[in-house]
Amino acid sequence: MLKLHNLTRVYQTEDVETLALNEVNIEIGQGEFVAIMGPSGCGKSTLLNTIGMLDSPSSGQYLFLDEDISNYSEAKLSEIRKRNIGFIFQNFNLIDELTVEENIELALLYHNIPSAERKSRVAKVMDRVGIAHRAKHMPSQLSGGQQQRVAVARAVVGDQKMILADEPTGNLDSAHGQEVMEMLQSLNDEGTTIIMVTHSPAHADYAKRVINLFDGSVVTENIRAA
Ligand code: ADP
Ligand code: ADP
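What counts as what
Residues numbered from 1 in each chain as written. Chains lettered and ligands numbered in written order. Predicted model: local features only at pLDDT ≥ 70, side-chain atom pairs only at ≥ 80, totals over all residues. Heavy atoms only, no water. Near = heavy atom within 4 Å. Polar contact = N/O pair within 3.5 Å; in protein donor to acceptor, adjacent residues only side chain to side chain. Areas by Shrake-Rupley, 256 points an atom, 1.4 Å probe, with all protein chains shown as cover. Helix = DSSP H or I, 4+ residues; strand = E, 2+ residues; numbered from the N terminus. Nonpolar A, V, L, I, M, F, W, Y, C, P; charged D, E, K, R; others polar. Core = buried A, V, L, I, M, F, W, Y, C linked by side-chain atoms within 4.5 Å. Buried < 20%, exposed > 50% of the residue type's maximum accessible area, 1.4 Å probe, protein only. Phe/Tyr/Trp six-rings, centres within 6.5 Å; stacked < 30°, edge-to-face > 60°. Lys NZ or Arg CZ within 6 Å of the ring centre and 35° of its normal. Pairing = 2+ DSSP bridges.

Peer 1: Sorry if this is basic, but what is going on with the site of ligand 1 here?
Peer 2: Close to ligand 1 lie Tyr11, Thr13, Thr18, Ala20, Pro39, Ser40, Gly41, Cys42, Gly43, Lys44, Ser45 and Thr46. Contact distances for ligand 1 include 2.8 Å between an oxygen atom and a backbone N or O atom of serine 45. Compared with its free state, where it exposes 560 Å², ligand 1 has 61% of that area covered by protein. When contributions to the shell around ligand 1 are tallied by element, the ones reaching two or more residues are β1 (2–13), β2 (16–28) and α1 (44–51).

Quick look at the structure:
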């Protein structure tokens, strides 16, 4: 699915230089479920944002679906991103002014799909994550667990091959957190590649592979037998 080769990211602010990722080499295959762990500030979000093409490396190579995208324009990256990648964030990142169904439908507007089909796909995915009865509600009227279910629906409504989740359970109580993890697990069972940053060892247990970062470098990798 993707390959990072000697990938380095340096943040330059005023007179301070931060080495957020230091010559990282990672290969992730289609259908994998990977957890990224490590202490605060070790580069987890930078790594996830780089994989999501929201942040560009300072040096090194990024191959996505065998294509070297390292020097692609923002427009081209945006195109690849919208077609292939769904995002789930700790704070849900729904649009407050749109209803549940509008939030989900937004992820399809780039796909050139006729309106009627958009509606039916949104309805199907809302059913699937158990949020259909809230279709006309605004995000502020939902619990955190429900908002994250909407975010999961938005991440998969376009048949995205890969989901990137940055502490998806960080703002949820344990029951709702587990619910989200089970949703991610079932998406992975159907073939969706999942890459998740988490601080929770229990939630990392859902992943089949754990990548541990420290000071911008991969320090250990554990691959669990299926
Ligand atoms: P983590 O997600 O593991 O907490 P991050 O990827 O957010 O780590 O950050 C890695 C390092 O890069 C940290 O030292 C952080 O302070 C720094 N950093 C992150 N984003 C920026 C930025 N936009 N500008 C400057 N430094 C940043
Ligand atoms: P563009 O600026 O070209 O519209 P974006 O950077 O907004 O592209 O991101 C494109 C896609 O990436 C969005 O459709 C969305 O799926 C995802 N994305 C990026 N940032 C966010 C965010 N903060 N919240 C939710 N989704 C995001």
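Let us keep going from here.
Peer 1: Honestly, the site of ligand 2 in this entry has me stumped. Any pointers?
Peer 2: As a structural note, the neighbourhood of ligand 2 is formed by Leu54, Ser78, Arg81, Lys82, Phe87, Phe89, Asn93, Tyr110 and Arg154. Within the side chain of arginine 81, an N or O atom sits 3.2 Å from an oxygen atom of ligand 2. One of the side-chain nitrogen or oxygen atoms of asparagine 93 is found 3.1 Å away from a nitrogen atom of ligand 2. When residues of the shell around ligand 2 are traced back to their parent elements, those giving at least two are α2 (74–84) and β6 (85–89). Take the shell around ligand 2: its biggest share by element is 3 residues, from α2. Class assignment of the residues belonging to the shell around ligand 2 gives a composition of 4 nonpolar, 2 polar and 3 charged.

Peer 1: Just checking my understanding: could you explain the nonpolar core for this structure?
Peer 2: Side chains that are nonpolar tend, in soluble globular proteins, to be buried together. In terms of nonpolar packing, the biggest core is built from 39 residues, with Phe33, Ile104, Ile163 and Leu184 touching the most fellow members. A per-element tally of this core places helix α5 (residues 144–156) first, with 6 residues. With 28 residues, the next largest nonpolar core counts Val24, Val34, Ile51 and Leu77 among its residues.

Peer 1: Hey, could you run me through the packing of aromatic side chains in this one?
Peer 2: In this description, an aromatic ring pair is defined by two values, namely the gap between the centres and the angle between the planes. Applying the stated criterion across every chain, the model contains 2 aromatic pairs. When the centroid spacing of 6.0 Å and the interplanar angle of 10° are considered together, the rings of phenylalanine 87 and phenylalanine 89 count as stacked. The positively charged end of lysine 76 is found above the aromatic ring belonging to tyrosine 72, 4.2 Å away from the centroid.

Peer 1: Which parts of the structure should I look at to understand the side chain of threonine 169?
Peer 2: Within the secondary structure, threonine 169 sits in the loop between β7 (162–166) and α6 (174–189). Threonine 169 gets classed as buried once you look at its relative accessible area, which sits at 10%.

Peer 1: When you look at the pairing of β1 in this model, what are you seeing that I'm missing?
Peer 2: Residues in a regular strand point their side chains to alternate faces of the sheet. One ladder, built from 9 bridges, connects β1 with β2; its direction is antiparallel. Residue arginine 9 lies in a different strand from β2, and its bridge partner there is leucine 21. Between the antiparallel neighbours β1 and β2 lie 2 residues, among them glutamate 14 with a positive phi of about 50°. Note: β1 against strand β4 (residues 59–64), 5 bridges, orientation antiparallel. In the strand pairing of β4, leucine 4 is matched with tyrosine 62.

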